[in-house]
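# Structural features, examined
In case you want the letters, here they are:
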Amino acid sequence: MASLDTFNTLSTKISQLVLARTKNDRDVIISTLNELNALSYKYTVVTNRTKAVLLVNQCCALITPEDLELVLKCCHLITNLVTRQKVVVDGRTLTMAVLWCLQALRGQSTDVEVLGALDALLRGFTGHGLISEVIKSTHLMSFARNEKSPEVAFCALQCLEACTIPVEDAKPVKTSSLEFQTCFDVFLGHLMNNIVTNRVTNIKLYIVCIRGLQNIIRQQPDLLSSKLGLILGVIKSYMLLGIAGVEFMKPQKLMPSPLSIPEVSTVPREKGGKMTKHRKPKTQAAVMKVKKAEKWGDDGGGYTPATSVNTTTEDGYSSFGNGVRTSESDFSDTEGGTAAKLAVMSGRLRQAALALFLHTVKLTEKTTIFSFWSSFVPENPLTSKHHLLTCTLKETSNRGRMAALNALLILLSSCKLYLAQAEKGDNLAFTPFSVIVGLTIKELHKCLSLSLSALSVPVLTLVLKCFAALVQATPYHRLGPGLITRVIRNVKPFIYHKDSTVQVTALIVLGCVLASEPLIPETKDAFTKKTNETKEQKGANSNSDDSFDFAEFSSDEEQQPQDPNVPWLLERCFYNLDCDNTVPTPVKLESLQIISVISRNYFDSLLAPSMTQVTKALDVSLTSKYVDVQLHAGRAVDFIGQAMSRCFLQESKQTFSSSLCLSFWQTLLTSSLTKLLQNEQHSILRAIGCDCLGSVGPEAFEQLSRDRQILCVTLLFACSRDDENSVRGAAVRALAICVLYPSLREDAGFVVDTAETIYRVLQDENFTVRVKCSWALGNLSDALVLNRCCGLMEEFPDGLILKLLQATIRASSDNDKIKMNAVRALGNLLQLIGDDLVEDRGFREAAEDGIGVLVKNCTSGSNMKVRWNSCYAIGNTMKNASIFKMARNWQEKVFTALTDLVVNFRNFKVRINAAVALSTPTKRQFYRQYYQPIWVALIKALETSQNMEDFNEYKHRDNLVEQICLTLGHLMTLLTKDDLTLIKDSVNSEHLQSQMKRVWDRLLPEKSTVLFDARTYIADFSSNLNTEEKTVLESLLYILKPGF
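This is a predicted model, so every value here is computed, not measured. Per chain, residues are indexed from 1 in the order of the written sequence. Local features in this predicted model are restricted to residues whose pLDDT is 70 or higher, and side-chain atom pairs enter the listing and the counts only when it is 80 or higher, whereas totals over whole chains, interfaces and linings include all residues. With hydrogens and water stripped out, all remaining heavy atoms of the structure feed into the side-chain values.

This paragraph deals with the overall build of the protein chain. The numbering of helices and of strands both runs from the N terminus, where a helix is a DSSP run of H or I of at least 4 residues and a strand a run of E of at least 2. Secondary structure assignment for the protein chain yields 54 helices and zero strands. Accessible area is worked out with a 1.4 Å probe on protein chains only. A residue is then buried under 20% of its type maximum, exposed over 50%, and partly exposed in between. Burial status across the protein chain gives 56% buried among its 1044 residues. Here a residue-residue contact requires only that any non-hydrogen atoms of the pair lie within 4.5 Å. Residue pairs in contact within the protein chain that sit at least 24 positions apart in sequence constitute 76% of those at least 6 positions apart. Of the roughly 45500 Å² of accessible surface on the protein chain, 50% is carried by carbon and sulfur atoms. Surface accessibility follows the Shrake-Rupley procedure with a 1.4 Å probe radius. Residue values consider only the protein chains on display as shielding.

So this is what it looks like as structure tokens:
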């Protein structure tokens, strides 16, 4: 309390003084500063921050920069206030104090105290924009470049580094690239020249320089791009400094690999139907935004962890504080104390270098960073120790190992697409780049396997996270057998680890293994073999060239399986999900995620034999008191339901019987799943419950008792009126799946109710709900077309068909995600208009509007899926003979649009569907006068099929040629005598003959029926023909001659 009063009194005394012009005033200032500096600042001295800032302001105003004695005392006070009392000096006072400090510099050793105060001021409030003033100081820049006096240079570099600290979560101050370039050159100069590694001061200086580089590249990506080789060279040298057995290597500019890097297509896939666009290059901010959004499995089809495991900060290392000072009292003055201090600071330097590496990888394009892959990950670690794996294995501190592992993790994540090109090569004349990548991947597996012996839980967790990223990036099917088996064996003990975080991360690794595609048999074998088999095989394989050491663990870490018929991983998951076990929630969540991923790829071999235990585990989990557990259990039920349906479609009943499927759904519908659907507190649980009912499948649903069937349907109809958008969307989707089940499709009441529900929800205000409902509408339309073919439409109201038709036409003008489903439904609904409905004015107008919408959607817009679905829908429409009884003006629009697309459009899938649509009219009169233009267009389309604007279309070219030939064959089956004269000029096309021969050679027999029919029809053509017409027929017969 006395210190508080003393500080306030002395501050007031200073503020009452005027500019020091007399000796008495100067004596008062000296005595007051002495008393202020004598206070113990390790305790709270300042209570009024504003008063402390005013004190700094007054001192800088009273004391002239030339008065060395007062300057040193004032600087000491400023340093204490900012660093120890956390006083934030900003605004005009900060500018005034910084300029005062810069003026006080004399180019002498006494300037260290001034530089300390300047560093404290600059570091205490970032975003000040004073870097331009700082680098103008001749004395400071001279100190910063002084390599002969590292103590003073260190203090000056601290000030420069403080100026470069980026402003977090605030509007950055505009700084010219020239100022950053100046600081960058100073930092890089110290790191590249006259390097001394056995003095603590020099090590501290290098840490400051590396952190300065990190600050600059975060704000100036152009500097990173232009100096990338130098920065990576610095990182490679300093990330190993001080590691036992590794000599320091002077930094050198790294060059990208001279070997060719496999190109990874950046053109969007056809999935989603987006047209390829020429976009501007991404800005650095955009690159970072994308990279921050990336997660495990971000490339699609991989494993998505149920929980997030965080072990490091954003920078990849823990903050060192505002400076890199180490208290002299922490170490003794003996030689041992100095060595300990040097070891500590060297470790911090390595961590700073690895943090710089982490940010460099984050801020650099993936293709560019992969060109330096072999500089950090060796193909043969015996040739050199200067690589990232040495950091991982030989780093002595846990924090250092975590920094190395975190850098490795971000490198693996960044290079994932390119690592997929890896392969194994034997006895090759030269080593392709893909084989080199394969060797580096094998070394990574060895390194991480050895790292599993770590005792620190955070380190072990990071090792397993790296393993998960490596598994996702590795193409095991191309690297020879045994590699993935060793991963499974080495990670297996950690699912029994006493720490739950380690258990979760180990389960994530195994989940990534299970999600790895394409599937290889050894994965299944490794999960079904027991411990004794594993040990025997480990001994048998120990002499293999490809083998690597397995981590050794105590026997109590790995529990013996209880049931020899249950895979050990599933058995552990069942144990984790048992209601009697107090297992942490994250472990339960990851266990459920494991069950889900097994159902996707290994249902028959791993999950199906244990369905009784699976059913029990999920039934318990669905009634958990934790919402997350219920949610993931619901998702697992959904995945398993889908897997069972696939199993029945593939007739894989040798391992899975319908009785097990029925038992599974009966158990869940008895209580747990029903409660999930009726959960009033959490809408997400009701939504996932709807998804579960949608995955029951026709085989299981038909075997359920009538009351269970009614229960399912009733719950779904109730959820379709839920207040929550997600529930309505999930319910209407599930109803649309159920409407295709035979028993429900034949139930007129259910079909009508489902149609009414879909019609109502299609008008929903929520976009996501409308998207799901448009998909449901497509399914409903499929069911209605099937019922029409079976004569089951008598009880379906005509008025409801018209309502659905009109709603679908409106939906076909909505967002592209809705359009792509709506046009599909529209093509089906137009098939329902029979002869009696064509006469109705409302149906006739709706049909004309619908065809107009389809033509518009197939000829305009940037979404390719909308276009090809519209073409397909037009084809479905023209399967309905009644449509041709309407006014005929629509045919001109349709045939003109389709022929233009099939000849000229750049997207081959759209052209294929246009050709399919042209083959759907079943009678010659339906083509009317457009027969000959269609024929000519198809011949021209064969020629233009060789023209590709986008090489990605190449994979569809053969399908396009095949479909055009089939459509020509269909036209031949409808040929009349009058048509022979119209097509005579095009039948002798050599291109047509050669393409038709190629199609005959590769077409499957079941697809070539139309060509055989056409040949039979042409051969039996018996009309009275003149010589010219007979010549045309002979040419057609020659074209249709099979090539076998």
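Before going further, it helps to examine the state of the cysteines. Throughout, disulfides are identified as pairs of cysteine sulfur atoms within 2.5 Å of each other. Evaluated as defined, the whole model comprises zero disulfides. Here cysteine 690 stays free of any disulfide, with the sulfur of cysteine 719 as its closest cysteine sulfur at 3.8 Å.

We now examine the packing of helix α37 (residues 725-738) against helix α39 (residues 748-761). In contact at an axis separation of 10 Å, α37 and α39 are set at 145 degrees when each is read in the N-to-C sense. The handedness of the crossing between α37 and α39 comes out as left-handed. Each of Val732, Leu735 and Cys738 in α37 lies in contact with α39, whose residues at this interface are Phe750, Thr754, Thr757, Ile758 and Val761. Here the contact of α37 with α39 is composed, by residue class, of six nonpolar, two polar and no charged. With axes taken as lines fitted to C-alpha atoms, and helix axes fitted only over the stretch in contact, angles between N-to-C directions fall between 0 and 180 degrees. Handedness of each helix crossing follows the sense of rotation of the near helix against the far helix: counterclockwise by less than a right angle gives left-handed, clockwise gives right-handed. Just so you know the grouping, Ala, Val, Leu, Ile, Met, Phe, Trp, Tyr, Cys and Pro go in nonpolar, Asp, Glu, Lys and Arg go in charged, and all remaining residues, Gly too, go in polar.

A pocket here means an open set of points on a 1 Å grid, computed over the protein atoms alone, that has protein on both sides within 12 Å along at least five of seven lines. A cavity is instead a set of points where a 1.4 Å probe fits but cannot get out; residues with an atom within 4 Å of a point line either one. Grid points are joined across faces, edges and corners, and a volume is the space filled by probe spheres set on the points. Applying the stated criterion across every chain yields a total of two cavities of 30 Å³ or more. By volume, the second largest cavity amounts to about 50 Å³. In terms of lining residues, the second largest cavity is bounded by Ala748, Val751, Val752, Leu784, Asn787, Leu792, Met793, Glu795 and Phe796. At the level of elements, α39 and α40 (767-789) are the ones that each hand at least two residues to the lining of the second largest cavity. Looking at the lining of the second largest cavity, the element that brings in the most residues is α39, giving three residues.

A few words now on the environment of cysteine 415. As for its position among the elements, cysteine 415 is in the loop between α19 (398-414) and α20 (416-419). Separated by 54 residues in sequence, cysteine 415 and valine 361 place their C-alpha atoms 9.7 Å apart. Residue contacts for cysteine 415: discarding those within four places in its chain leaves Ile369, Phe370 and Trp373.

Aromatic rings in a pair are described by how distant their centres are and how their planes are angled relative to each other. Put simply, two rings from Phe, Tyr or Trp (the six-membered ring, in Trp's case) pair if the centres are within 6.5 Å, and we call them stacked under 30 degrees between planes, edge-to-face over 60, tilted for the rest. Tallied over the full model, the rule gives 17 aromatic pairs. Seen from their ring centres, phenylalanine 357 and phenylalanine 376 are 4.5 Å apart, and the 20 degrees between their planes marks the pair as stacked. Within this pair, whereas phenylalanine 357 is found in helix α15 (residues 335-363), its partner phenylalanine 376 is found in helix α17 (residues 373-376), the two being separated by 19 residues in sequence. Overall, the relative accessible area of 1% leaves phenylalanine 357 in the buried class. On the accessibility criterion, phenylalanine 376 (2% relative accessible area) is buried. With a centroid separation of 5.1 Å and 15 degrees between ring planes, the pair formed by phenylalanine 370 and tyrosine 418 is classed as stacked. Of this pair, phenylalanine 370 sits in helix α16 (residues 366-370) while tyrosine 418 sits in helix α20, and the two are 48 residues apart along the sequence. The rings of Phe370, Trp373, Tyr418 and Phe433 are connected pair by pair, giving a single aromatic cluster. For a ring to carry a charge above it, either NZ of a lysine or CZ of an arginine must fall within 6 Å of the ring centroid while also lying within 35 degrees of the normal to the ring plane. The ring of tryptophan 775 is capped by arginine 733, whose NZ or CZ atom sits 5.8 Å from the centre of that ring. Sitting over the ring of tryptophan 868, lysine 909 keeps its end group 4.2 Å from the ring centre.

Here we take up the environment of valine 1032. Within the secondary structure, valine 1032 is located in helix α54 (residues 1027-1039). In this structure valine 1032 comes out as buried when scored by relative accessible area, which is 5%. Other than its neighbours up to four places away in sequence, valine 1032 contacts Leu980, Ile983, Lys984 and Val987.

Mapped onto the secondary structure, serine 1035 falls in helix α54. Contact partners of serine 1035, with chain neighbours within four places excluded, come to Val987 and Asn988.

Once that is clear, we can look at the pattern of salt bridges. The rule for a salt bridge is simple: a side-chain nitrogen of Lys or Arg has to be within 4 Å of a carboxyl oxygen of Asp or Glu. What the rule picks out here adds up to 24 salt bridges. Glutamate 395 is the salt-bridge partner of arginine 350, the closest N and O atoms lying 2.7 Å from each other. Remark: glutamate 395 occurs in the loop between α18 (388-394) and α19 and arginine 350 occurs in helix α15; sequence separation between them is 45 residues. Accessibility assignment for this pair places arginine 350 and glutamate 395 in one class, buried.

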